[in-house]
Protein chains: 2
Amino acid sequence: MEKYYPVLDRCAMFQGIGKESVLAMLKCMGAKVLSYNQGETIFAEGDLAEDIGIVLSGSAQIVKIDYFGNRSIMANVVEGEIFGESFACSGVDTLPVNVIATKNCQIMIINALRIISTCSNACEFHRQIIFNLLKVVATKNLVFNQKIEVTSKRSTREKLMTYLLIQAKNAGSNEFTIPFDRQELADYLEVDRSGLSAEISKLRKEGVLECEKGRFVLNSK
Amino acid sequence: MEKYYPVLDRCAMFQGIGKESVLAMLKCMGAKVLSYNQGETIFAEGDLAEDIGIVLSGSAQIVKIDYFGNRSIMANVVEGEIFGESFACSGVDTLPVNVIATKNCQIMIINALRIISTCSNACEFHRQIIFNLLKVVATKNLVFNQKIEVTSKRSTREKLMTYLLIQAKNAGSNEFTIPFDRQELADYLEVDRSGLSAEISKLRKEGVLECEKGRFVLNSK
DNA sequence: CTCCTTTTGTTGAAATTTCAACATACATCA
DNA sequence: TGATGTATGTTGAAATTTCAACAAAAGGAG
């Protein structure tokens, strides 16, 4: 497990805990590491919501597919980030979403009960982990809040601009890269892909932005 | 504080803690109770995100108002439910939303730090409270997930039906009451009010549902 | 009961989105 | 390099939503 530590060190769940303790706790919690190829399903809707996942490398998306096959992308998770924790901690029995690898990736899987219940070995940092977990879950809430802020806008143009402005703010620059291709961006914004492409073209002609693939530049005008 | 205990006893944050302990902890955490009239702002966007609120009576809505004044209703909270906890626990400094009283209400306000940090009095149930808080925050996540599921639908009709089906499921009956008037329902579904009214009329004529004010009946057909 | 205000329903026009279909660019692999 | 498949951009038509304006119904205050 030691080779994964550099990532775990940046993971919100292990903040404030030293290397030795983290490694000891992983053992204590029965953490395991699995590999997935791009496109593979890591967690499927309907699976028991008992595990949390930590992205050690690669990336994944939290995706909901409705009755008619329409895809809605809830969030994107990258190296060092966690998924599944909200479902596991809420006490719901099965997952209402899918988690799909968007690149080849390594995922650390930990049973949530092993985190939540104090282990008999009385790991001294157990308390810290739970605090961290609370913060992680609360922060995930903000991510959803932000998605709702974006998708609550009524037009494709407004949704797109709201999303891009948030990305620029996060990047601290008006030049940034998004983790989505056009279809994925459309599925995150909950709009039609062709309409989105058309809107991007229009904004480009108006000089509001420049882009190629996932790289965007917002012109302050 | 004792008179509020019947509500607190049903509040997710105090599960598994006895009456005496709850009352002791309230004191320990410096809980206070404030009253608000319908329409008053309980928390405003931009306020420091340091308090959590518990609805003792009445109800409130978590609301986001955008730059153009468009209202988006994030959630409705009723007696025994908690709000503000996600923001306080995530470490964000200011609130990105407003909380507005939708009925005259009494709200218990507790500083989140007093919950999160172990008190010097070493309340024995402090640990339990933090677990409960984790579950509350995780559950709030599900609420947002559900809102996204509803609003990700592309048509007013689908949004409405998705919402109503969830309500029916929650109520365990195809007859139920929703906490929104038409304008509020539109602001929750993120659609135009008049379009929503029109859609409801249509569904009524088609025999899919019956309703008067907030009371709906879904006909299974 | 009447007046006044708020909520809900209705409607048609304008704006927007979705949908389908296709063109083009890009990438991969043999 | 050519061939194939995927991603992106473009377009026009159909469907839907928003918007504005008004009518009808419901609720409250005096």
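Everything below is about the structure shown above.
Fair warning: this is a prediction, and the values are worked out from it, not measured in the lab.

A. Local environment of the nonpolar core. Core analysis: the biggest nonpolar cluster contains 67 residues, and F14(A), I110(A), F14(B) and I110(B) have the highest contact counts within it. Those residues in contact with I110(A) that sit more than four places away from it in its chain are M13(A), F14(A), L26(A), M29(A), A31(A), E50(A), D51(A), I52(A), I54(A) and I115(A). Counting 43 residues, the second-largest nonpolar core is a separate cluster that includes I42(A), M74(A), I107(A) and A75(B).

B. View of the protein's contact with DNA strand D. Surrounding DNA strand D, one finds 15 residues, the nearest of these being S197(A), S201(A), S155(B), T156(B) and D192(B). For DNA strand D, a phosphate oxygen lies 3.4 Å from a polar atom in the side chain of R154(A). The side chain of R204(A) places a nitrogen or oxygen atom 3.0 Å from a phosphate oxygen of DNA strand D. Where the surface near DNA strand D is concerned, the elements lending two or more residues are α7 (182–189) and α8 (193–205) of chain A together with α8 (193–205) of chain B.

C. Molecular detail of the relation of the copies chain A and chain B. Taken as rigid bodies, chain A and chain B are interconverted by a rotation of 180 degrees and an axial shift of 0.0 Å, the fit giving an RMSD of 0.0 Å. Such values leave the two copies arranged in the relation of a two-fold axis. Comparing interface residues between copies, 100% of those in chain A also sit at the interface in chain B, which points to an isologous, same-surface contact.

D. Main features of the pattern of salt bridges. Residue and element names in this part refer to chain B. Going through the model one piece at a time under the given rule, you end up with 22 salt bridges over all chains. Taking the shortest distance from any N to any O, the salt bridge between K147 and E190 comes out at 2.9 Å. Of this pair, K147 sits in helix α5 (residues 126–151) while E190 sits in the loop between α7 (182–189) and α8, and the two are 43 residues apart along the sequence. Judged by relative accessible area, which is 0%, K147 ranks as buried. Taking relative accessible area as the criterion, E190 reaches 6% and is therefore assigned buried. Two residues, R157 and E206, come together in a salt bridge whose shortest N-O distance is 2.5 Å. One end of the pair, R157, is in helix α6 (residues 156–171); the other, E206, is in the loop between α8 and β10 (209–212), with 49 residues separating them in the sequence. Relative accessible area serves as the criterion here: at 29%, R157 is assigned to the partly exposed category.

E. Structural detail: the protein's contact with DNA strand C. Surrounding DNA strand C, one finds 15 residues, the nearest of these being S155(A), T156(A), D192(A), S197(B) and S201(B). Backbone sugar and phosphate groups make up 59% of those atoms of DNA strand C lying within 4 Å of the protein. Backbone polar atom of R182(B) to a phosphate oxygen of DNA strand C: 3.0 Å apart, as the coordinates give it. One of the side-chain N or O atoms of R193(B) is found 3.1 Å from a base nitrogen in DNA strand C. For the surface near DNA strand C, the elements supplying multiple residues, two or more each, are α8 of chain A together with α7 and α8 of chain B. Partitioned by chemical class, the residues of the surface near DNA strand C number one nonpolar, eight polar and six charged.

Parameters at a glance
Residues numbered from 1 in each chain as written. Chains lettered and ligands numbered in written order. Predicted model: local features only at pLDDT ≥ 70, side-chain atom pairs only at ≥ 80, totals over all residues. Heavy atoms only, no water. Core = buried A, V, L, I, M, F, W, Y, C linked by side-chain atoms within 4.5 Å. Buried < 20%, exposed > 50% of the residue type's maximum accessible area, 1.4 Å probe, protein only. Contact = heavy atoms within 4.5 Å. Near = heavy atom within 4 Å. Polar contact = N/O pair within 3.5 Å; in protein donor to acceptor, adjacent residues only side chain to side chain. Helix = DSSP H or I, 4+ residues; strand = E, 2+ residues; numbered from the N terminus. Least-squares fit on C-alpha atoms with pLDDT ≥ 70 in both. Salt bridge = Lys/Arg side-chain N within 4 Å of Asp/Glu carboxyl O. Nonpolar A, V, L, I, M, F, W, Y, C, P; charged D, E, K, R; others polar.

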